[in-house]
Amino acid sequence: MTTILNPATQESLGEVREATRADVDHAVARAGDAQARWAAEAIGYRARSMRRIADTIRNHLEELALLETDNVGKPIADSRGEVSMVADTFDYYAGAVDKLVGQSIPVDGGVDFTLREPMGVVAVIAPWNFPLAIASWNIAAALACGNAVIVKPAEITPLSTLRLVELVDDLDLPAGLLQCLTGKGSIVGHALTEVAGVDKISFTGSTEVGKQISEVASGTLKRLTLELGGKSASVVFADADIERAARASVGAVFGNSGQDCCARSRMYVQREVFDQYLKAFADASRVAVMGSPRDESTTLGPLVSAQHHAKVSSFLSDDIDFVELGAEPEGPGNWFAPRIAVAPDRTHRLVEDEVFGPIATVLPFDTEEEAIREANNSIYGLSGSVWSGDGARALRVARGIRSGSISINSNTSVRIQTPFGGMKQSGVGRELGLAALDSYTELKNIFFATE
Ligand code: NAD
(Lines give C-alpha, C1' and ligand atoms only; values in the text may rest on other atoms or scores of the structure.)
Protein backbone atom coordinates (compact mmCIF):
# COMPACT_ATOMS: atom_id res chain seq x y z
CA MET A 1 0.00 0.00 0.00
CA THR A 2 1.09 3.59 -0.64
CA THR A 3 0.20 6.28 1.89
CA ILE A 4 -1.08 9.36 0.08
CA LEU A 5 -0.08 12.65 1.74
CA ASN A 6 -1.50 16.15 1.68
CA PRO A 7 1.56 18.27 0.75
CA ALA A 8 0.23 21.31 2.64
CA THR A 9 -0.19 19.48 5.97
CA GLN A 10 1.74 16.20 5.57
CA GLU A 11 -1.40 14.43 6.84
CA SER A 12 -2.41 11.11 5.36
CA LEU A 13 -5.28 11.19 2.87
CA GLY A 14 -5.53 7.41 2.89
CA GLU A 15 -3.85 4.33 1.52
CA VAL A 16 -3.86 3.18 -2.06
CA ARG A 17 -3.18 -0.32 -3.29
CA GLU A 18 -0.12 -1.09 -5.41
CA ALA A 19 -1.10 -3.14 -8.43
CA THR A 20 0.84 -6.30 -9.25
CA ARG A 21 1.92 -7.79 -12.56
CA ALA A 22 -1.11 -10.13 -12.34
CA ASP A 23 -3.41 -7.08 -11.97
CA VAL A 24 -1.87 -5.61 -15.11
CA ASP A 25 -2.45 -8.81 -17.10
CA HIS A 26 -6.05 -9.01 -15.85
CA ALA A 27 -6.74 -5.33 -16.69
CA VAL A 28 -5.26 -5.71 -20.17
CA ALA A 29 -7.48 -8.72 -20.92
CA ARG A 30 -10.60 -6.86 -19.70
CA ALA A 31 -9.63 -3.79 -21.71
CA GLY A 32 -9.24 -5.88 -24.86
CA ASP A 33 -12.79 -7.27 -24.46
CA ALA A 34 -14.24 -3.85 -23.66
CA GLN A 35 -12.51 -2.26 -26.64
CA ALA A 36 -14.05 -4.71 -29.08
CA ARG A 37 -17.53 -3.94 -27.70
CA TRP A 38 -16.97 -0.17 -27.56
CA ALA A 39 -15.68 0.03 -31.14
CA ALA A 40 -18.69 -1.97 -32.34
CA GLU A 41 -21.21 0.35 -30.65
CA ALA A 42 -23.18 2.87 -32.71
CA ILE A 43 -21.42 6.17 -33.28
CA GLY A 44 -24.24 8.09 -31.60
CA TYR A 45 -23.97 5.91 -28.48
CA ARG A 46 -20.24 6.51 -28.22
CA ALA A 47 -20.62 10.27 -28.63
CA ARG A 48 -23.47 10.38 -26.08
CA SER A 49 -21.44 8.30 -23.63
CA MET A 50 -18.58 10.78 -23.86
CA ARG A 51 -21.03 13.61 -23.14
CA ARG A 52 -22.39 11.68 -20.16
CA ILE A 53 -18.85 11.47 -18.80
CA ALA A 54 -18.52 15.25 -19.24
CA ASP A 55 -21.82 15.82 -17.40
CA THR A 56 -20.81 13.51 -14.55
CA ILE A 57 -17.54 15.38 -14.13
CA ARG A 58 -19.42 18.70 -13.99
CA ASN A 59 -21.85 17.26 -11.43
CA HIS A 60 -18.86 16.27 -9.25
CA LEU A 61 -16.70 19.29 -10.01
CA GLU A 62 -16.25 20.47 -6.44
CA GLU A 63 -15.49 16.97 -5.13
CA LEU A 64 -12.88 16.32 -7.83
CA ALA A 65 -11.37 19.80 -7.38
CA LEU A 66 -11.00 19.24 -3.63
CA LEU A 67 -9.31 15.89 -4.21
CA GLU A 68 -6.83 17.56 -6.57
CA THR A 69 -6.25 20.42 -4.13
CA ASP A 70 -5.68 18.14 -1.13
CA ASN A 71 -3.51 15.64 -2.98
CA VAL A 72 -1.37 17.98 -5.14
CA GLY A 73 -1.47 21.18 -3.09
CA LYS A 74 -3.07 23.18 -5.91
CA PRO A 75 -4.97 26.37 -5.03
CA ILE A 76 -8.66 25.49 -5.12
CA ALA A 77 -9.46 28.06 -7.83
CA ASP A 78 -6.88 26.38 -10.11
CA SER A 79 -8.26 22.91 -9.37
CA ARG A 80 -11.78 24.03 -10.28
CA GLY A 81 -10.48 25.45 -13.56
CA GLU A 82 -8.69 22.20 -14.37
CA VAL A 83 -11.67 19.96 -13.59
CA SER A 84 -13.89 22.21 -15.66
CA MET A 85 -11.44 21.85 -18.56
CA VAL A 86 -11.52 18.07 -18.10
CA ALA A 87 -15.30 18.08 -18.61
CA ASP A 88 -14.93 20.33 -21.66
CA THR A 89 -12.31 17.96 -23.08
CA PHE A 90 -14.77 15.03 -22.99
CA ASP A 91 -17.37 17.22 -24.70
CA TYR A 92 -14.87 18.32 -27.34
CA TYR A 93 -13.87 14.75 -28.19
CA ALA A 94 -17.51 13.61 -28.10
CA GLY A 95 -17.85 15.86 -31.14
CA ALA A 96 -14.96 14.09 -32.85
CA VAL A 97 -16.46 10.59 -32.74
CA ASP A 98 -18.26 11.08 -36.06
CA LYS A 99 -15.52 13.13 -37.69
CA LEU A 100 -12.77 10.52 -37.96
CA VAL A 101 -12.78 10.86 -41.70
CA GLY A 102 -10.43 9.20 -44.18
CA GLN A 103 -9.52 10.20 -47.73
CA SER A 104 -10.33 8.91 -51.17
CA ILE A 105 -7.19 8.73 -53.28
CA PRO A 106 -7.05 8.75 -57.11
CA VAL A 107 -5.35 5.54 -58.32
CA ASP A 108 -5.38 3.43 -61.48
CA GLY A 109 -7.58 0.34 -61.75
CA GLY A 110 -9.93 0.92 -58.85
CA VAL A 111 -11.15 3.02 -55.98
CA ASP A 112 -8.88 3.67 -53.04
CA PHE A 113 -9.74 5.09 -49.66
CA THR A 114 -8.48 5.22 -46.11
CA LEU A 115 -10.15 4.34 -42.83
CA ARG A 116 -9.20 5.48 -39.35
CA GLU A 117 -9.33 2.50 -37.02
CA PRO A 118 -8.82 2.36 -33.25
CA MET A 119 -5.40 1.30 -32.01
CA GLY A 120 -6.86 -1.03 -29.37
CA VAL A 121 -5.78 -0.81 -25.74
CA VAL A 122 -4.11 2.44 -24.70
CA ALA A 123 -2.14 2.85 -21.48
CA VAL A 124 -2.09 6.42 -20.22
CA ILE A 125 0.81 6.97 -17.81
CA ALA A 126 0.31 10.31 -16.09
CA PRO A 127 2.45 12.72 -14.02
CA TRP A 128 1.66 14.30 -10.66
CA ASN A 129 1.54 17.99 -11.62
CA PHE A 130 -1.83 18.06 -13.45
CA PRO A 131 -3.04 14.55 -12.59
CA LEU A 132 -6.64 14.62 -13.77
CA ALA A 133 -6.24 17.13 -16.58
CA ILE A 134 -3.36 15.46 -18.39
CA ALA A 135 -4.75 11.95 -17.93
CA SER A 136 -8.12 13.13 -19.26
CA TRP A 137 -6.79 14.84 -22.39
CA ASN A 138 -5.52 11.42 -23.42
CA ILE A 139 -8.40 9.33 -22.07
CA ALA A 140 -10.98 11.44 -23.92
CA ALA A 141 -9.17 11.41 -27.27
CA ALA A 142 -8.46 7.67 -26.99
CA LEU A 143 -12.07 6.76 -26.12
CA ALA A 144 -13.43 8.97 -28.93
CA CYS A 145 -11.34 6.96 -31.41
CA GLY A 146 -12.78 3.65 -30.17
CA ASN A 147 -9.96 2.56 -27.87
CA ALA A 148 -10.09 1.24 -24.31
CA VAL A 149 -7.88 2.88 -21.70
CA ILE A 150 -5.90 1.78 -18.68
CA VAL A 151 -4.70 4.82 -16.77
CA LYS A 152 -1.80 4.77 -14.36
CA PRO A 153 -1.60 7.92 -12.26
CA ALA A 154 1.63 9.00 -10.56
CA GLU A 155 2.07 7.02 -7.33
CA ILE A 156 1.73 10.11 -5.10
CA THR A 157 -1.34 11.70 -6.77
CA PRO A 158 -3.87 9.01 -7.70
CA LEU A 159 -6.99 10.23 -5.90
CA SER A 160 -8.76 12.32 -8.56
CA THR A 161 -8.11 9.72 -11.26
CA LEU A 162 -9.40 6.88 -9.08
CA ARG A 163 -12.58 8.87 -8.46
CA LEU A 164 -13.03 9.67 -12.17
CA VAL A 165 -12.83 5.98 -13.03
CA GLU A 166 -15.38 5.16 -10.30
CA LEU A 167 -17.74 7.79 -11.72
CA VAL A 168 -17.35 6.38 -15.24
CA ASP A 169 -17.96 2.86 -13.88
CA ASP A 170 -21.37 4.06 -12.69
CA LEU A 171 -22.36 5.00 -16.26
CA ASP A 172 -22.74 1.38 -17.32
CA LEU A 173 -20.38 1.55 -20.31
CA PRO A 174 -18.66 -1.67 -21.46
CA ALA A 175 -17.01 -3.13 -18.33
CA GLY A 176 -13.26 -2.46 -18.35
CA LEU A 177 -13.43 0.37 -20.91
CA LEU A 178 -11.65 2.73 -18.51
CA GLN A 179 -9.61 1.21 -15.71
CA CYS A 180 -7.13 2.65 -13.23
CA LEU A 181 -4.06 0.83 -11.94
CA THR A 182 -2.20 2.49 -9.08
CA GLY A 183 1.32 1.81 -7.93
CA LYS A 184 4.93 2.34 -8.81
CA GLY A 185 6.10 3.39 -12.24
CA SER A 186 8.92 0.90 -12.11
CA ILE A 187 6.43 -1.96 -11.61
CA VAL A 188 2.98 -1.03 -12.97
CA GLY A 189 4.14 1.51 -15.55
CA HIS A 190 6.92 -0.79 -16.68
CA ALA A 191 4.54 -3.76 -17.00
CA LEU A 192 2.09 -1.72 -19.10
CA THR A 193 4.96 -0.66 -21.35
CA GLU A 194 6.15 -4.22 -21.80
CA VAL A 195 2.96 -6.30 -22.03
CA ALA A 196 1.91 -7.36 -25.52
CA GLY A 197 -1.82 -6.57 -25.11
CA VAL A 198 -1.23 -2.82 -24.81
CA ASP A 199 -1.07 -1.24 -28.26
CA LYS A 200 -0.19 2.32 -27.40
CA ILE A 201 1.42 4.23 -24.55
CA SER A 202 0.62 7.87 -23.88
CA PHE A 203 3.22 8.93 -21.41
CA THR A 204 3.56 12.32 -19.74
CA GLY A 205 6.48 12.77 -17.41
CA SER A 206 10.20 13.30 -17.29
CA THR A 207 12.44 13.03 -20.33
CA GLU A 208 14.54 10.43 -18.50
CA VAL A 209 11.58 8.06 -17.93
CA GLY A 210 10.29 8.83 -21.44
CA LYS A 211 13.53 7.45 -22.87
CA GLN A 212 13.23 4.29 -20.75
CA ILE A 213 9.64 3.80 -21.88
CA SER A 214 10.65 4.27 -25.49
CA GLU A 215 13.24 1.51 -25.11
CA VAL A 216 10.95 -0.98 -23.35
CA ALA A 217 8.00 -0.26 -25.68
CA SER A 218 10.17 -0.98 -28.70
CA GLY A 219 10.10 -4.67 -27.69
CA THR A 220 6.51 -4.86 -28.97
CA LEU A 221 6.69 -1.80 -31.24
CA LYS A 222 3.95 0.01 -29.35
CA ARG A 223 2.78 3.34 -30.67
CA LEU A 224 3.98 6.17 -28.44
CA THR A 225 3.01 9.67 -27.50
CA LEU A 226 5.64 11.15 -25.19
CA GLU A 227 5.04 14.48 -23.46
CA LEU A 228 8.25 15.21 -21.59
CA GLY A 229 10.19 17.90 -19.82
CA GLY A 230 10.56 21.55 -20.74
CA LYS A 231 12.66 24.62 -20.07
CA SER A 232 10.76 27.17 -22.04
CA ALA A 233 11.85 30.67 -22.91
CA SER A 234 9.96 33.93 -22.78
CA VAL A 235 11.57 36.57 -25.01
CA VAL A 236 10.69 40.16 -24.12
CA PHE A 237 11.63 42.90 -26.59
CA ALA A 238 12.01 46.54 -25.59
CA ASP A 239 9.01 47.50 -27.75
CA ALA A 240 6.65 45.17 -25.81
CA ASP A 241 4.10 46.29 -23.25
CA ILE A 242 6.58 45.63 -20.44
CA GLU A 243 4.12 45.94 -17.55
CA ARG A 244 1.71 43.50 -19.20
CA ALA A 245 4.47 41.03 -20.03
CA ALA A 246 5.77 41.20 -16.48
CA ARG A 247 2.33 40.63 -14.95
CA ALA A 248 1.60 37.69 -17.25
CA SER A 249 4.96 36.13 -16.47
CA VAL A 250 3.99 35.57 -12.84
CA GLY A 251 1.54 32.83 -13.79
CA ALA A 252 3.83 31.64 -16.57
CA VAL A 253 6.62 30.69 -14.22
CA PHE A 254 5.14 30.48 -10.71
CA GLY A 255 1.71 29.02 -11.58
CA ASN A 256 1.21 25.56 -10.04
CA SER A 257 4.23 26.52 -7.90
CA GLY A 258 6.42 26.24 -10.97
CA GLN A 259 5.57 22.55 -11.36
CA ASP A 260 4.51 23.07 -14.92
CA CYS A 261 6.15 21.57 -18.00
CA CYS A 262 5.31 24.79 -19.89
CA ALA A 263 6.82 27.10 -17.25
CA ARG A 264 8.64 29.94 -18.99
CA SER A 265 11.47 29.73 -16.48
CA ARG A 266 14.07 31.25 -18.83
CA MET A 267 13.17 34.89 -19.44
CA TYR A 268 15.29 36.75 -21.97
CA VAL A 269 14.77 40.49 -21.76
CA GLN A 270 16.22 43.10 -24.13
CA ARG A 271 18.96 44.93 -22.28
CA GLU A 272 17.49 48.44 -22.43
CA VAL A 273 14.36 47.35 -20.53
CA PHE A 274 16.01 44.69 -18.33
CA ASP A 275 15.84 46.65 -15.06
CA GLN A 276 12.33 47.93 -15.78
CA TYR A 277 11.07 44.40 -16.51
CA LEU A 278 12.83 42.88 -13.50
CA LYS A 279 11.25 45.41 -11.15
CA ALA A 280 7.77 45.06 -12.68
CA PHE A 281 8.02 41.24 -12.60
CA ALA A 282 9.21 41.20 -8.98
CA ASP A 283 6.49 43.66 -7.90
CA ALA A 284 3.77 41.65 -9.64
CA SER A 285 5.09 38.39 -8.15
CA ARG A 286 5.01 39.76 -4.60
CA VAL A 287 1.22 39.99 -4.90
CA ALA A 288 1.02 36.16 -5.06
CA VAL A 289 -0.52 34.66 -1.93
CA MET A 290 1.16 31.53 -0.59
CA GLY A 291 -0.95 29.54 1.81
CA SER A 292 -3.48 26.81 2.39
CA PRO A 293 -4.56 25.46 -1.02
CA ARG A 294 -8.17 25.26 0.21
CA ASP A 295 -8.19 28.99 0.94
CA GLU A 296 -9.97 30.89 -1.86
CA SER A 297 -7.38 33.69 -1.84
CA THR A 298 -4.36 31.40 -2.22
CA THR A 299 -2.51 31.57 -5.53
CA LEU A 300 0.59 29.53 -4.61
CA GLY A 301 0.47 26.16 -2.86
CA PRO A 302 3.29 23.97 -1.54
CA LEU A 303 5.49 21.72 -3.66
CA VAL A 304 4.04 18.27 -4.18
CA SER A 305 6.34 16.26 -1.91
CA ALA A 306 9.27 16.52 0.48
CA GLN A 307 11.38 14.67 -2.08
CA HIS A 308 10.53 17.21 -4.78
CA HIS A 309 11.16 20.05 -2.30
CA ALA A 310 14.68 18.71 -1.79
CA LYS A 311 15.23 18.58 -5.57
CA VAL A 312 14.06 22.18 -6.10
CA SER A 313 16.10 23.39 -3.09
CA SER A 314 19.24 21.88 -4.62
CA PHE A 315 19.10 24.66 -7.26
CA LEU A 316 19.71 27.36 -4.65
CA SER A 317 23.37 28.23 -4.75
CA ASP A 318 25.51 31.08 -3.39
CA ASP A 319 26.96 32.00 -6.77
CA ILE A 320 23.58 33.40 -7.91
CA ASP A 321 21.94 36.71 -7.11
CA PHE A 322 18.35 35.82 -6.06
CA VAL A 323 15.45 38.22 -5.54
CA GLU A 324 13.28 36.68 -2.80
CA LEU A 325 9.57 37.20 -3.35
CA GLY A 326 7.84 36.37 -0.12
CA ALA A 327 7.90 34.31 3.01
CA GLU A 328 7.06 30.67 3.40
CA PRO A 329 4.08 29.97 5.70
CA GLU A 330 4.77 28.36 9.07
CA GLY A 331 3.92 24.70 9.39
CA PRO A 332 4.70 21.29 8.06
CA GLY A 333 3.93 21.77 4.32
CA ASN A 334 6.51 21.54 1.52
CA TRP A 335 6.64 25.34 1.23
CA PHE A 336 9.05 26.99 -1.14
CA ALA A 337 8.82 30.77 -1.70
CA PRO A 338 9.24 31.97 -5.29
CA ARG A 339 12.52 33.55 -6.35
CA ILE A 340 14.06 35.26 -9.34
CA ALA A 341 17.65 34.43 -10.29
CA VAL A 342 19.12 37.57 -11.84
CA ALA A 343 21.39 37.08 -14.85
CA PRO A 344 23.07 33.82 -13.83
CA ASP A 345 25.80 32.38 -16.04
CA ARG A 346 24.19 30.93 -19.17
CA THR A 347 25.76 27.53 -18.55
CA HIS A 348 24.57 27.34 -14.92
CA ARG A 349 22.39 24.28 -14.26
CA LEU A 350 19.63 26.63 -13.13
CA VAL A 351 19.48 27.95 -16.70
CA GLU A 352 19.89 24.58 -18.43
CA ASP A 353 17.96 22.09 -16.28
CA GLU A 354 14.26 21.80 -15.63
CA VAL A 355 13.78 22.98 -12.03
CA PHE A 356 10.04 22.26 -11.85
CA GLY A 357 9.67 24.72 -9.01
CA PRO A 358 9.09 28.46 -8.50
CA ILE A 359 12.49 29.78 -9.58
CA ALA A 360 12.63 32.12 -12.58
CA THR A 361 15.83 33.13 -14.33
CA VAL A 362 15.98 36.52 -16.05
CA LEU A 363 18.78 37.14 -18.53
CA PRO A 364 19.59 40.08 -20.84
CA PHE A 365 19.97 39.97 -24.64
CA ASP A 366 20.76 42.58 -27.28
CA THR A 367 19.64 41.46 -30.73
CA GLU A 368 16.84 39.44 -32.31
CA GLU A 369 19.34 36.84 -33.54
CA GLU A 370 20.81 36.47 -30.06
CA ALA A 371 17.32 36.05 -28.56
CA ILE A 372 16.51 33.21 -30.96
CA ARG A 373 19.89 31.57 -30.38
CA GLU A 374 19.53 31.72 -26.59
CA ALA A 375 15.93 30.49 -26.64
CA ASN A 376 17.07 27.51 -28.73
CA ASN A 377 20.02 26.80 -26.47
CA SER A 378 18.27 23.92 -24.71
CA ILE A 379 17.72 20.20 -25.17
CA TYR A 380 14.00 20.97 -24.69
CA GLY A 381 11.43 22.55 -27.00
CA LEU A 382 7.98 22.48 -25.44
CA SER A 383 6.52 25.98 -25.34
CA GLY A 384 7.46 29.62 -24.95
CA SER A 385 6.44 33.23 -25.51
CA VAL A 386 7.51 36.24 -27.53
CA TRP A 387 6.55 39.72 -26.33
CA SER A 388 6.84 42.54 -28.85
CA GLY A 389 4.83 45.43 -30.27
CA ASP A 390 6.24 44.63 -33.71
CA GLY A 391 4.07 41.85 -35.15
CA ALA A 392 6.46 40.92 -37.95
CA ARG A 393 9.36 40.58 -35.56
CA ALA A 394 7.28 38.58 -33.09
CA LEU A 395 6.34 36.16 -35.87
CA ARG A 396 9.96 35.89 -37.10
CA VAL A 397 11.12 34.99 -33.60
CA ALA A 398 8.19 32.61 -33.00
CA ARG A 399 9.14 30.79 -36.21
CA GLY A 400 12.82 30.78 -35.26
CA ILE A 401 12.31 29.05 -31.91
CA ARG A 402 12.25 25.24 -32.09
CA SER A 403 9.34 24.57 -29.82
CA GLY A 404 6.00 22.76 -30.09
CA SER A 405 4.03 25.88 -29.21
CA ILE A 406 4.82 29.56 -28.97
CA SER A 407 2.48 32.31 -27.79
CA ILE A 408 2.84 35.90 -28.93
CA ASN A 409 2.02 38.50 -26.29
CA SER A 410 0.54 35.76 -24.11
CA ASN A 411 1.79 33.23 -21.61
CA THR A 412 -0.60 30.35 -22.26
CA SER A 413 0.09 27.23 -24.31
CA VAL A 414 -2.72 24.80 -23.65
CA ARG A 415 -6.11 24.90 -25.33
CA ILE A 416 -8.39 21.93 -25.88
CA GLN A 417 -8.73 22.78 -29.59
CA THR A 418 -5.05 23.17 -30.48
CA PRO A 419 -2.19 20.66 -30.70
CA PHE A 420 0.19 20.49 -27.78
CA GLY A 421 3.52 18.69 -27.59
CA GLY A 422 7.24 19.00 -27.75
CA MET A 423 10.09 19.25 -30.21
CA LYS A 424 13.58 17.95 -29.44
CA GLN A 425 13.75 16.12 -26.07
CA SER A 426 10.39 17.51 -24.96
CA GLY A 427 8.55 14.70 -26.64
CA VAL A 428 7.11 12.84 -29.56
CA GLY A 429 3.59 13.35 -30.95
CA ARG A 430 0.83 15.79 -30.09
CA GLU A 431 -2.03 15.83 -27.60
CA LEU A 432 -5.25 17.84 -27.78
CA GLY A 433 -6.99 19.34 -30.78
CA LEU A 434 -7.84 17.27 -33.82
CA ALA A 435 -4.13 16.42 -34.16
CA ALA A 436 -4.45 14.02 -31.21
CA LEU A 437 -6.88 11.89 -33.20
CA ASP A 438 -4.02 10.88 -35.51
CA SER A 439 -2.18 9.37 -32.58
CA TYR A 440 -5.15 7.31 -31.42
CA THR A 441 -6.04 5.78 -34.78
CA GLU A 442 -4.27 3.56 -37.28
CA LEU A 443 -4.67 4.47 -40.92
CA LYS A 444 -5.92 1.58 -43.05
CA ASN A 445 -5.85 1.76 -46.84
CA ILE A 446 -8.49 -0.08 -48.88
CA PHE A 447 -8.17 -0.66 -52.59
CA PHE A 448 -11.24 -1.87 -54.47
CA ALA A 449 -10.46 -3.10 -57.98
CA THR A 450 -12.93 -1.96 -60.61
CA GLU A 451 -11.23 -3.44 -63.67
P1 NAD B 1 8.04 10.86 -13.92
O2 NAD B 1 8.69 10.65 -15.24
O3 NAD B 1 8.82 10.58 -12.71
O4 NAD B 1 6.71 9.97 -13.80
C5 NAD B 1 5.64 10.08 -14.69
C6 NAD B 1 4.82 8.81 -14.66
O7 NAD B 1 5.62 7.72 -15.13
C8 NAD B 1 4.35 8.40 -13.27
O9 NAD B 1 3.05 7.85 -13.36
C10 NAD B 1 5.36 7.31 -12.89
O11 NAD B 1 4.83 6.40 -11.95
C12 NAD B 1 5.58 6.65 -14.23
N13 NAD B 1 6.86 5.93 -14.35
C14 NAD B 1 8.01 6.13 -13.65
N15 NAD B 1 8.95 5.25 -14.04
C16 NAD B 1 8.39 4.47 -15.00
C17 NAD B 1 8.86 3.39 -15.80
N18 NAD B 1 10.11 2.94 -15.70
N19 NAD B 1 8.03 2.85 -16.70
C20 NAD B 1 6.76 3.32 -16.86
N21 NAD B 1 6.24 4.32 -16.11
C22 NAD B 1 7.06 4.90 -15.20
O23 NAD B 1 7.51 12.36 -13.98
P24 NAD B 1 6.80 13.18 -12.83
O25 NAD B 1 7.86 13.48 -11.82
O26 NAD B 1 5.53 12.54 -12.38
O27 NAD B 1 6.38 14.51 -13.61
C28 NAD B 1 7.25 15.56 -13.78
C29 NAD B 1 7.81 15.56 -15.19
O30 NAD B 1 6.74 15.47 -16.13
C31 NAD B 1 8.53 16.83 -15.55
O32 NAD B 1 9.72 16.53 -16.23
C33 NAD B 1 7.57 17.55 -16.46
O34 NAD B 1 8.15 18.45 -17.37
C35 NAD B 1 6.93 16.42 -17.16
N36 NAD B 1 5.62 16.85 -17.71
C37 NAD B 1 5.51 17.02 -19.05
C38 NAD B 1 4.30 17.46 -19.59
C39 NAD B 1 4.13 17.67 -21.06
O40 NAD B 1 2.99 17.78 -21.50
N41 NAD B 1 5.18 17.72 -21.85
C42 NAD B 1 3.23 17.70 -18.74
C43 NAD B 1 3.39 17.51 -17.37
C44 NAD B 1 4.58 17.07 -16.87
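Keep in mind that this is a model prediction, so the values were computed, not measured.

### What to know about the sheet that holds strand 20 (residues 441-449)
Strands belonging to one sheet form pairs held by backbone hydrogen bonds; the direction of such a pair is parallel or antiparallel. Taken in spatial order, the three strands line up as 3-4-20 in an open sheet, and their pairing is antiparallel. A strand with exactly one partner marks an edge of an open sheet, and here the two such strands are strand 3 (104-105) and strand 20. Sheet topology note: the strand 4 (residues 110-118)/strand 20 ladder contains nine bridges and is antiparallel. Following the sheet pairing, Thr 114 is matched in strand 20 by Asn 445.

### Here we look at the site of the ligand
Ala 126, Glu 155, Ser 206, Leu 228 and Glu 354 are the nearest of the 30 residues found near the ligand. One of the side-chain N or O atoms of Glu 354 is found 2.5 Å from an oxygen atom in the ligand. Here the ligand, which alone exposes 850 Å², has 89% of that area covered by the protein. Looking at the shell around the ligand, the elements that each hand over two or more residues are helix 7 (185-194), strand 8 (200-204) and helix 8 (207-217). Per-element accounting of the shell around the ligand gives the leading share, four residues, to helix 7. Counted by class, the shell around the ligand contains 15 nonpolar, 11 polar and four charged residues. Each of domain 1 (2-228 + 426-449) and domain 2 (233-415) gives at least three residues to the shell around the ligand.

### Description of a nonpolar patch on the surface
Judged by side-chain polarity, Ile 105, Val 107 and Phe 447 come together as a nonpolar surface patch covering roughly 230 Å² of accessible area. Structurally, Ile 105 is set in strand 3. By relative accessible area, which is 32% here, Ile 105 ends up partly exposed.

### Notes on the packing of helix 2 (residues 43-59) against helix 5 (residues 131-144)
Interhelical geometry of helix 2 versus helix 5 gives an angle of 160 degrees and a closest axis separation of 10 Å. Classified by the interaxial angle, the pair formed by helix 2 and helix 5 is roughly antiparallel. In this structure, helix 2 meets helix 5 at a crossing whose hand is right-handed. Together, Arg 46, Met 50 and Ile 53 of helix 2 and Ala 140, Leu 143 and Ala 144 of helix 5 make up the contact between the two elements. Residue composition of the contact of helix 2 with helix 5, by class: five nonpolar, no polar and one charged.

### Overview of the sheet that holds strand 12 (residues 321-324)
Overall, mixed pairing links the seven strands, which are arranged 12-13-14-11-10-16-17 in an open sheet. Strands with a single pairing partner mark the edges of an open sheet, and in this sheet they are strand 12 and strand 17 (407-408). Two elements, strand 13 (residues 339-342) and strand 14 (residues 359-365), share four bridges in a ladder whose sense is parallel. In the strand pairing of strand 14, Arg 339 is matched with Ile 359.

### Considering the nonpolar core
With 82 residues, the main nonpolar core has Met 50, Ile 57, Phe 90, Tyr 93, Ile 139, Leu 143 and Leu 192 as its most contacted residues. For this core, the leading source of residues is helix 5, giving 11 residues. The residue makeup of this core includes at least three contributed by each of domain 1 (2-228 + 426-449) and domain 2 (233-415). Residue contacts for Leu 143: discarding those within four places in its chain leaves Trp 38, Arg 46, Met 50, Ile 53, Phe 90, Val 149 and Leu 177. Membership of the second largest hydrophobic core comes to 29 residues, among which are Ile 242, Phe 274, Met 290 and Val 362.

### What about the domain arrangement of the protein chain?
Along its sequence, the protein chain is carved into domain 1 (2-228 + 426-449) and domain 2 (233-415). Between the C-alpha centres of domain 1 and domain 2 the distance comes to 30 Å. Between domain 1 and domain 2, roughly 2200 Å² of surface is buried when both sides are summed, and carbon and sulfur atoms account for 58% of that area. Where domain 1 packs against domain 2, one counts two salt bridges. Two residues, Arg 80 and Glu 296, come together in a salt bridge whose shortest N-O distance is 3.0 Å. Our count for the domain 1 to domain 2 interface comes out at 11 residue pairs in polar contact (both at pLDDT 80 or more). Sorting the residues of the side of domain 1 that touches domain 2 by element identifies helix 3 (61-72) and helix 4 (76-94) as the ones contributing at least two each. The element that contributes the greatest number of residues to the side of domain 1 that touches domain 2 is helix 3, accounting for four residues.

### Let's talk about a negative patch on the surface
A grouping of Asp 318, Asp 319, Asp 345 and Glu 352 is seen on the molecular surface, where their side chains present a negatively charged patch. Structurally, Glu 352 can be placed in helix 12 (residues 349-352). When its relative accessible area of 39% is taken as the criterion, Glu 352 is described as partly exposed.

### A closer look at the packing of aromatic side chains
Tallying each qualifying case throughout the model produces seven aromatic pairs. Seen from their ring centres, Phe 237 and Phe 365 are 5.3 Å apart, and the 85 degrees between their planes marks the pair as edge-to-face. With a gap of 128 residues between them, Phe 237 in the loop between strand 10 (233-236) and helix 9 (242-254) and Phe 365 in strand 14 connect regions that are remote in the sequence. Here Phe 237 matches Phe 365 in class, with each residue buried. Residues Tyr 277 and Phe 281 carry aromatic rings whose centres are separated by 5.8 Å and whose planes lie at 25 degrees to one another, so their mutual orientation is stacked. Of this pair, Tyr 277 and Phe 281 both sit in helix 10 (residues 274-285), four residues apart, which is roughly one turn of that helix. The pair formed by Tyr 277 and Phe 281 is uniform in burial state, with each residue classed as buried.

### What about the environment of Lys 152?
As for its position among the elements, Lys 152 is in strand 6 (residues 148-152). Classification of Lys 152 as buried rests on a relative accessible area of 2%. Lys 152 sits 133 residues away from Ala 19 along the chain, and the two C-alpha atoms are 9.9 Å apart. With near-sequence residues (within four places) excluded, Lys 152 lies in contact with Val 124, Ile 125, Ala 126, Leu 181, Gly 183, Lys 184, Gly 185, Val 188, Gly 189 and Leu 192.

Procedures and definitions
- Residues numbered from 1 in each chain as written.
- Predicted model: local features only at pLDDT ≥ 70, side-chain atom pairs only at ≥ 80, totals over all residues.
- Heavy atoms only, no water.
- Pairing = 2+ DSSP bridges.
- Helix = DSSP H or I, 4+ residues; strand = E, 2+ residues; numbered from the N terminus.
- Near = heavy atom within 4 Å.
- Polar contact = N/O pair within 3.5 Å; in protein donor to acceptor, adjacent residues only side chain to side chain.
- Areas by Shrake-Rupley, 256 points an atom, 1.4 Å probe, with all protein chains shown as cover.
- Nonpolar A, V, L, I, M, F, W, Y, C, P; charged D, E, K, R; others polar.
- Domains from an automatic or database assignment.
- Patch = residues over 30% accessible without salt bridge, like charges linked within 9 Å, V, L, I, M, F, W, Y side chains within 5 Å.
- Salt bridge = Lys/Arg side-chain N within 4 Å of Asp/Glu carboxyl O.
- Buried < 20%, exposed > 50% of the residue type's maximum accessible area, 1.4 Å probe, protein only.
- Axes fitted to C-alpha atoms, helices over the stretch in contact; angles between N-to-C directions.
- Parallel < 35°, antiparallel > 145°, perpendicular 65-115°, else oblique.
- Left-handed = near helix turned anticlockwise from the far one by under 90°.
- Contact = heavy atoms within 4.5 Å.
- Core = buried A, V, L, I, M, F, W, Y, C linked by side-chain atoms within 4.5 Å.
- Buried area = accessible area lost by both parts, 1.4 Å probe.
- Lys, Arg positive; Asp, Glu negative; His and termini not counted.
- Charge placed at Lys NZ, Arg CZ, Asp CG, Glu CD.
- Phe/Tyr/Trp six-rings, centres within 6.5 Å; stacked < 30°, edge-to-face > 60°.

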